[in-house]
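Structural overview for review
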Amino acid sequence: MSAKVHILGPTFSSFVRSVMLCCEEKGISYETKFEIDGQPLSLNDETHLQYHPFGKIPALIHGERSVFETATICRYLDATFDGPALQPTDIYQRAEVDEWAAALSIYVDKAIVRQYLLEFAFPKGPEGQVRLDKVTEAEPEVARMLSIVEKQLGDNDFICGSEYTYADAILTPMLDYLSGTPNATSLMPNNSVLMDYLLRMRARPSAVNALTSDS
Ligand SMILES: N[C@@H](CCC(=O)N[C@@H](CS)C(=O)NCC(=O)O)C(=O)O
C-alpha cells in the first residue's frame, strides 16, 4: 500500500517523535501535522476525535486507514512497510518488546513526561514560572523510573537486547527531552548507562529529523 503516511500531531510531542523515529528507521516517507485538509485541529475537537476517540496525539492516517495509540501505530508501520524490522519474529522476544513499549508508554511517560517535563514545557506557576515544588516532588519517581530503565538496558545497546526496536523509538524522545532539564546531569550523569544509550540513539540517522523538529 503506497498511500501517504500522515502523522497527526505536532512534532514537539514525544509520542509523535516516536512515530517519526519509526518512519525514519524504516525509510518511510511521511508528513507530520495537526491538521486535516489544511484545517488546523484542536485537541478533542470533532475532527480530532474521529481519528483518536480519546482525544490524544498522535494518530496515524494511511490512505483510507487510521490508527491510534503510539505503540500500535509503530507495530502497524513495521508490519506494513519494508525496511529494517522494528520487532523480533520470535514470539517471546516480541512479547518482551511489547511489554517494554507498554510500560514505557504508561508508567515511564507518566513520571517523566506528564509529571515532570510538562512542568518545564508549560509552567503553571505565577507569571508563567516553573513550580519548583512540583519538580522536586516529581523527581524521586523520575529517578525510580530511570533506574528501572537502566537495569533493563544493562550492557545492551538497546532497551530489549542487541537490536533496535520500536520500544527504543518510544523511549528515546523522553530521555532526549529529559536531558535538557536543569537537573539532567544528576538524573543522567555523563558516562552513565542512560546517557551513553541516549548518545547512541542520537547518533542514529533517524534522530536527525525526528528529534530536532519544533513545529
Ligand atoms: N497512550 C497514548 C498517550 C498519548 C498522549 O498522552 N499524548 C499526549 C502528547 S505526547 C497528548 O495527547 N496530550 C494531550 C492531552 O493529554 O490532552 C499513546 O501511547 O499514544
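Residues numbered from 1 in each chain as written. Predicted model: local features only at pLDDT ≥ 70, side-chain atom pairs only at ≥ 80, totals over all residues.

1. Observations concerning the sheet that holds strand S6 (residues 65–68)
Pairing is mixed in the open sheet, where 4 strands are placed in the order S2-S1-S5-S6. Edge strands, defined here as strands with exactly one partner in the open sheet, are strand S2 (30–33) and S6. The sheet shows a mean angle of 20° between the axes of neighbouring strands, direction not considered. Bridge analysis of strand S1 (residues 5–8) against strand S5 (residues 59–62) gives 4 bridges, and the strand direction is antiparallel. The residue bridging Val5 from the neighbouring strand is His62, located in S5. Against the sheet, helix H1 (residues 14–26) engages S1, S2 and S5, with an angle of about 160° to S1. (Pairing = 2+ DSSP bridges. Helix = DSSP H or I, 4+ residues; strand = E, 2+ residues; numbered from the N terminus. Axes fitted to C-alpha atoms, helices over the stretch in contact; angles between N-to-C directions. Contact = placed C-beta atoms within 7 Å.)

2. Quick notes on the site of the ligand
Taken together, Ser13, Ser14, Phe15, Leu43, Lys56, Ile57, Glu69, Thr70 and Ser105 form the complete shell of residues around the ligand. Here the shell around the ligand is built from residues that sort into 3 nonpolar, 4 polar and 2 charged. (Near = placed C-beta within 6 Å. Nonpolar A, V, L, I, M, F, W, Y, C, P; charged D, E, K, R; others polar.)

3. Let's talk about the pairing of S5
Here S5 runs beside S6; their pairing, made up of 4 bridges, is antiparallel. Residue pairing in the sheet places Ile61 in a bridge with Ser66 of S6. Taken together, S5 and the strand that follows it, S6, pair antiparallel across an intervening segment of 2 residues, in which Gly63 is found at a positive phi of about 60°.

4. Describing the domain arrangement of the protein
Looking at the assigned domains, one finds that the protein contains domain 1 (5–80) and domain 2 (91–205). Just the C-alpha atoms count here: the centres of domain 1 and domain 2 sit 21 Å apart. Taken together, the contact pairs 11 residues of domain 1 with 12 residues of domain 2. Looking at the side of domain 1 that touches domain 2, the elements with two or more residues in it are H1 and helix H3 (70–80). The element contributing the most residues to the side of domain 1 that touches domain 2 is H1, with 6 residues. Considered class by class, the residues forming the side of domain 1 that touches domain 2 number 4 nonpolar, 3 polar and 4 charged. (Domains from an automatic or database assignment.)

5. Observations regarding the nonpolar core
Of all hydrophobic cores here, the largest spans 55 residues; its most connected members are Val19, Cys22, Cys74, Ile112, Tyr166 and Ala167. Ranked by residues supplied to this core, first place goes to helix H4 (residues 91–121) with 10 residues. Ignoring anything within four residues of it in the chain, the contact list for Val19 reads Ile7, Pro58, Leu60, Thr70, Ile73 and Cys74. (Core = buried A, V, L, I, M, F, W, Y, C linked by C-beta atoms within 7 Å. Buried ≥ 20, exposed ≤ 12 C-beta atoms within 10 Å, placed from the backbone.)

6. Some points on the packing of helix H6 (residues 166–178) against helix H8 (residues 193–202)
Each pair of packed helices can be summarised by the angle the axes make with each other and by the distance between the axes. H8 packs onto H6 with a crossing angle of 110° between their chain directions and a minimal axis gap of 10 Å. By the angle class used here, H6 and H8 are roughly perpendicular. The segment H6 lies against H8, with Asp168, Thr172, Leu175 and Asp176 engaging Leu194, Leu198 and Met201. Taken together, the residues of the contact of H6 with H8 break down into 4 nonpolar, 1 polar and 2 charged. (Parallel < 35°, antiparallel > 145°, perpendicular 65-115°, else oblique.)

7. What to know about helix H5 (residues 132–153)
The terminal C-alpha atoms of H5, which comprises 22 residues, lie 30 Å apart, in line with the 32 Å expected from a rise of 1.5 Å per residue. At Glu139, H5 shows its largest bend, some 35°, and a proline, Pro140, comes one to four positions later. Where H5 is buried, its residues touch H4, H6, helix H7 (184–187) and H8. Where H5 ends, the next residue or the one after it, Gly154, has phi of about 50°, a positive value. (Expected span 1.5 Å × (residues − 1). Bend = angle between axes of the 7 residues up to and from the residue.)

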